[in-house]
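Structural overview for review
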Amino acid sequence: MSEKRKVYIAEQSRILSKILCKELSDKGYDVHAFSDGLSLLRKIVREAPALIIADRSLPKIDGMQLCEILKKGSTKSSIPFILISTDETIFDFWNTATKANKTLSISAEKIDGLLDAVEELMAGDYIDADSFFEEEQPASGKSSKAAGISDEEKMTSWIVSAMDRSGAFLQMTNNVTRLYSYVKDLDSLVKELFSIISTACDYDAITLILDSQTAKVYKAGTDILEAGLSDEFWNICKTSYEHQAKKNHTITYEQKEFSGMVTEKEAGGCDKLKSYYDFVLSTDNEFVGTLHLASSKKKLFTYKVQSSIDYILLPLAYVLQQSVQYSAVTQMESKLRSAFLKFVPPQVIDDMLSSSTSNQQTNNNEKRNVVILMSDIRNFTSISEENTPEDVVYFLNTYFTTMVNIVKKYGGTVDKFIGDAVMVLFGAPISYMDNAKRAVSAAIEMYSQLNQIQYGQLKFPEGIKLDIGIGIHYGDVIVGNIGSEDKTDYTVIGDTVNLASRLEGLTKLYGAKILISQSVKNELDSSINFMHLDSVKVMGRKESVEIYRVDEKALPQDYMQIYEKGLKSYSEGTFSLAAPYFEKALEIMPEDKAAKIMLGRCSEFALKRPENWDGAVALTSK
């Protein structure tokens, strides 16, 4: 007759305990009942059963504590353990908080599930391969009894060992949690990770390969491997990673070595690797990378070591995945920043990245007030005809670089280059309180820096020198990404753009370097030198526009006063009274085109007064 298999039950409810003992005895098991966890633990130290059933709520040592001690601290971790409770509210918690083989909610009327679990574990010869917690043998190699260790001492050692193991896992958990603070610094994150892993095993070389467009490789210890051994280890790591990555194209690697993290074991360094193990990092079936460890010691990567590292791999994979993604975004942002810096000042880019959509960043098809600056090189067609395309392109690149740097200095954004012309925005994508003044200040400096531009091999036709005209207008535009499905540009459209272009063209007519509209002038203070020139109706507009010239240095005061009086009489239609003022203005500034134009109109209009005169002349050319 075969010996009955022992089942130990720890249940403080006498009724439930008697029911369980009877049912299991009827099934042929040798059942022993205990009313508290401590008594059961003492019995297990002396004689191990085939299966343990313990209630979560027990005096002295409860069921969960008992399970922790046996599974994490003792040599009896392979004994099947069923944790039971009459409280269903904490059943879900057990599934994640205990290493019990089964967790069941039962009652005196409902024990069928427990009986089935007992049959399953007994019939399956269940073994929990938890060699991680295998008890260390005494130095003498003798058993604990032979070494004179009492049952009480053994039980105490189990409890202490379980507490140590739990503390070790808690420390590892805390270390992984701490790694989240390094998510934005992938290099530091990996370096900290290598230090954490070194507490679980004394490796000689470690390599982490993170999956990315360019695979990121981190190494430590390979710098102290002997010649050829480092390459051999890398080839093993690389082969393993590429097998897991399963990419159908050539993989490029970006490698970094952390020196000083692994100390040389011998003066001659490590000449042979005798242990190797690799781990796959993944999150929700998404491949993150591979971790590779090597050692000069035999059988270093025991189940204990593997369990320690496996324990942290899942949360670690998420941390590394987030860090790789952040690194990729940061790298892309850096590239975009470098590209945009050619057109946009750094502070504008910083504002766009830091400000919320609600206050400064623009959306597609948004209507807003923007200052438009249009700049064009005078006689550029004639200049181009005298030079080779290569010399023209070289000069334009030099010229545009100077102009764009000035624009960026004042917070403007280059919208586009149109041949030799530049269109600049002040107020999009970032707007300031003084957009108009910024635009005018930029225009003044753009003109003042012309003589600093290197021409290279460029030749100018006789009588022509480098000169530009700038027109500035302030008004409503539609701003956003405008274009086709295949190609869009962040730009602005509207009548404001057209008028800025018309003002730039009028600089030739009036002999001014910078012309601004009334809307721009209204935003300026006395620090800007401007003068009212005329009231015009440009092509495409019915409404008149008051135009002003802007100069870095103020024009002669007497000239400005006389011109102003002449313009007043001219606007009122008393052309014969206005003419003498413009004549006197020409005596002060003989080459002034604006005074010449106004004097000519006075002579013409005095003979034939324009119909419905309102002080503004309609221009018939751009």
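Residues numbered from 1 in each chain as written. Predicted model: local features only at pLDDT ≥ 70, side-chain atom pairs only at ≥ 80, totals over all residues. Heavy atoms only, no water.

Before going further, it helps to spend a moment on the overall build of the protein. The number of helices and strands found in the protein is 18 helices and 19 strands. Residue burial in the protein is summarised as follows: out of 622 residues, 46% are buried. Taking contacts inside the protein between residues at least 6 apart in sequence as the whole, the part at least 24 apart equals 69%. Surface summary for the protein: the accessible area is close to 32,300 Å², and the carbon and sulfur share equals 49%. (Helix = DSSP H or I, 4+ residues; strand = E, 2+ residues; numbered from the N terminus. Buried < 20%, exposed > 50% of the residue type's maximum accessible area, 1.4 Å probe, protein only. Contact = heavy atoms within 4.5 Å. Areas by Shrake-Rupley, 256 points an atom, 1.4 Å probe, with all protein chains shown as cover.)

Counting residues in each nonpolar core, the largest one holds 40 residues, and the members touching the most others are Phe-395, Tyr-399, Val-440, Ile-472 and Ile-516. The biggest single contributor to this core is helix α12 (residues 389–409), with 9 residues. Sequence-distant contacts of Ile-472, defined by excluding residues within four places in its chain, comprise Val-371, Ile-372, Leu-373, Ala-439, Val-440, Ala-443, Leu-503, Ile-514, Leu-515, Ile-516, Ser-517 and Val-520. (Core = buried A, V, L, I, M, F, W, Y, C linked by side-chain atoms within 4.5 Å.)

One pass over the full model with this rule turns up 22 aromatic pairs. Here Tyr-399 and Phe-400 contribute two aromatic rings whose centre-to-centre distance is 5.4 Å and whose plane-to-plane angle is 50°, an arrangement assigned as tilted. For the pair Tyr-399 and Phe-400, one class covers both residues: buried. Geometry around Tyr-432 places Arg-438 over its ring, the cationic atom sitting 3.9 Å from the centre. (Phe/Tyr/Trp six-rings, centres within 6.5 Å; stacked < 30°, edge-to-face > 60°. Lys NZ or Arg CZ within 6 Å of the ring centre and 35° of its normal.)

As a further point, take the layout of surface pockets. Within this model, the second largest pocket holds a volume of roughly 420 Å³. In terms of lining, the second largest pocket is formed by 17 residues, of which the most central are Arg-378, Asp-467, Gly-511, Lys-513 and Lys-593. Here the lining of the second largest pocket is built from residues that sort into 4 nonpolar, 4 polar and 9 charged. (1 Å grid on protein atoms, 1.4 Å probe; cavity = no way out; pocket = protein on both sides within 12 Å on 5 of 7 lines; lining within 4 Å. Points joined across faces, edges and corners; volume = space filled by probe spheres on them. Nonpolar A, V, L, I, M, F, W, Y, C, P; charged D, E, K, R; others polar.)

For the structure shown, the criterion picks out 21 salt bridges. Among the ionic pairs, Glu-47 bridges to Lys-6, the shortest N-O distance being 2.9 Å. Taken together, the residues Glu-47 in the loop between α2 (37–46) and β3 (51–55) and Lys-6 in strand β1 (residues 6–10) connect sequence positions 41 residues apart. The partner of Lys-409 in a salt bridge is Glu-445, and the shortest N-O contact between them spans 3.1 Å. On the criterion of sequence distance, the pair formed by Lys-409 in helix α12 and Glu-445 in helix α13 (residues 435–448) is long-range, its members being 36 residues apart. Judged by relative accessible area, Glu-445 falls into the buried class, the value being 17%. If you follow the salt bridges from partner to partner, you end up with Lys-6, Lys-43 and Glu-47 in one network. (Salt bridge = Lys/Arg side-chain N within 4 Å of Asp/Glu carboxyl O.)

What follows concerns the sheet that holds β3. Ordered by their spatial adjacency, 5 strands build an open sheet running β2-β1-β3-β4-β5, and the pairing between neighbours is parallel. If you trace the sheet from one side to the other, it starts and ends with β2 (30–34) and β5 (102–105), each paired once. Strand-to-strand twist in this sheet, taken as the mean axis angle between neighbours without regard to direction, amounts to 20°. Bridge count between β1 and β3: 4 bridges; the pairing is parallel. (Pairing = 2+ DSSP bridges. Axes fitted to C-alpha atoms, helices over the stretch in contact; angles between N-to-C directions.)

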